[in-house]
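Here is how the chains run, residue by residue.
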Amino acid sequence: MAFTATILTLYPEMFPGPLGISLAGRALREGLWSLEAVQIRDFATDKHRSVDDTPAGGGAGMVMRADVLAAALDSVAPGRPVLAMTPRGRPLAQERVRGLADGPGVTILCGRFEGIDERLFEGREIEQVSIGDYILSGGEMAALTLLDACIRLLPGVMGAPSSGMDESFETGLLEYPQYTRPATWEGRTIPEVLRSGDHARIEAWRRAQAETDTRLRRPDLWERHEGARVQPPSGARRRNRND
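Source: prediction; values computed, not measured.

What counts, and where the lines are drawn
Residues numbered from 1 in each chain as written. Predicted model: local features only at pLDDT ≥ 70, side-chain atom pairs only at ≥ 80, totals over all residues. Heavy atoms only, no water. Patch = residues over 30% accessible without salt bridge, like charges linked within 9 Å, V, L, I, M, F, W, Y side chains within 5 Å. Areas by Shrake-Rupley, 256 points an atom, 1.4 Å probe, with all protein chains shown as cover. Salt bridge = Lys/Arg side-chain N within 4 Å of Asp/Glu carboxyl O. Helix = DSSP H or I, 4+ residues; strand = E, 2+ residues; numbered from the N terminus. Buried < 20%, exposed > 50% of the residue type's maximum accessible area, 1.4 Å probe, protein only. Expected span 1.5 Å × (residues − 1). Pairing = 2+ DSSP bridges. Right-handed = clockwise from strand over helix to strand, strands pointing away. Phe/Tyr/Trp six-rings, centres within 6.5 Å; stacked < 30°, edge-to-face > 60°. Contact = heavy atoms within 4.5 Å.

## Looking at a nonpolar patch on the surface
A contiguous nonpolar patch, built from Y134, L136 and M141 and spanning about 290 Å² of accessible area, is present on the exposed surface. Inspection of the secondary structure assignment puts M141 in helix α5 (residues 140-151). For M141, a relative accessible area of 45% gives the class partly exposed.

Put into structure tokens, the structure is as follows:
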């Protein structure tokens, strides 16, 4: 069964948007994944099709109503993870993206205004996800980002299945620097090792560059990578405890 994405949004016209072109668009046309954008206002019950109200306790802005959002969520076929794009969520990481891409698809709730009534998260099983420490106008752009990250990993989307394995975050490191022709540009040449034809040397150079760049540019990633690398196998830990 193809990867299926259902988006709950106040702006269904934003989809597929950029996902309708390039690799994702071709995969969509070929049936490698499918997309449905659901208008949240269709589940409002008053004549004004209200989906929000003033914050309890006072304050600026409006808050999306739990009853309307729950009705929209309940209309979607079960069996897929339900995600809400919100800056209060857990930061999205490549490991989670790969897990989602390996599954049947996702249902994504796109927040707007000041946020979502907290009771929705208490009453429904929803994974809150953030794509970064900054604020967007709504969850739609975040949903597009998440879907793009997932879709490129689906079988048949990228030309070579191995083409994504050396990219940033796949191994816990940033990707090594890339070069292409011309061999010399503005007096700068491609590193000699990459022109040597010695695949073992090239692999070692790329690994060293990835480690150096990660350590300098993303010390948080480097710390996690080093921590994972020094952990003994689980079996070894068990044997040590029983000695």
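## As for α5
Its 12 residues give α5 an end-to-end C-alpha distance of 16 Å, which sits within 8% of 16 Å, the value for a rise of 1.5 Å per residue. Counting buried residues along α5, nine of its 12 residues qualify, which places the element largely inside the surrounding structure.

## Considering the pairing of strand β1 (residues 3-9)
The buried fraction of β1 amounts to six of the seven residues, a majority that puts the element mostly inside the structure. Inspection of the sheet shows β1 paired to strand β2 (residues 33-39) by seven bridges, in the parallel sense. The partner of T4 across the bridge, within β2, is S34. Regarding the hand of the β-α-β motif, the stretch spanning β1, helix α1 (residues 22-29) and β2 is right-handed. Bridge count for β1 against strand β6 (residues 105-110) is five bridges, and the pairing is parallel. Note that in β6 the partner of A5 across the bridge is V106.

## Considering the packing of aromatic side chains
Enumeration over the complete set of coordinates arrives at one aromatic pair. Between Y179 and W205 the ring centres are 6.5 Å apart and the planes differ by 55 degrees, which places this aromatic pair in the tilted class. On the criterion of sequence distance, the pair formed by Y179 in the loop between α5 and β8 (184-185) and W205 in helix α6 (residues 199-217) is long-range, its members being 26 residues apart. Its relative accessible area of 18% is what places W205 among the buried residues.

## Section: the environment of L147
In this fold, L147 is placed in helix α5. Taking the C-alpha atoms as reference points, L147 and I190, separated by 43 residues in sequence, lie 35 Å from one another. Not counting residues within four places of it along the chain, the set of residues in contact with L147 comprises F3, A5, I7, L19, L35, V106 and I108.

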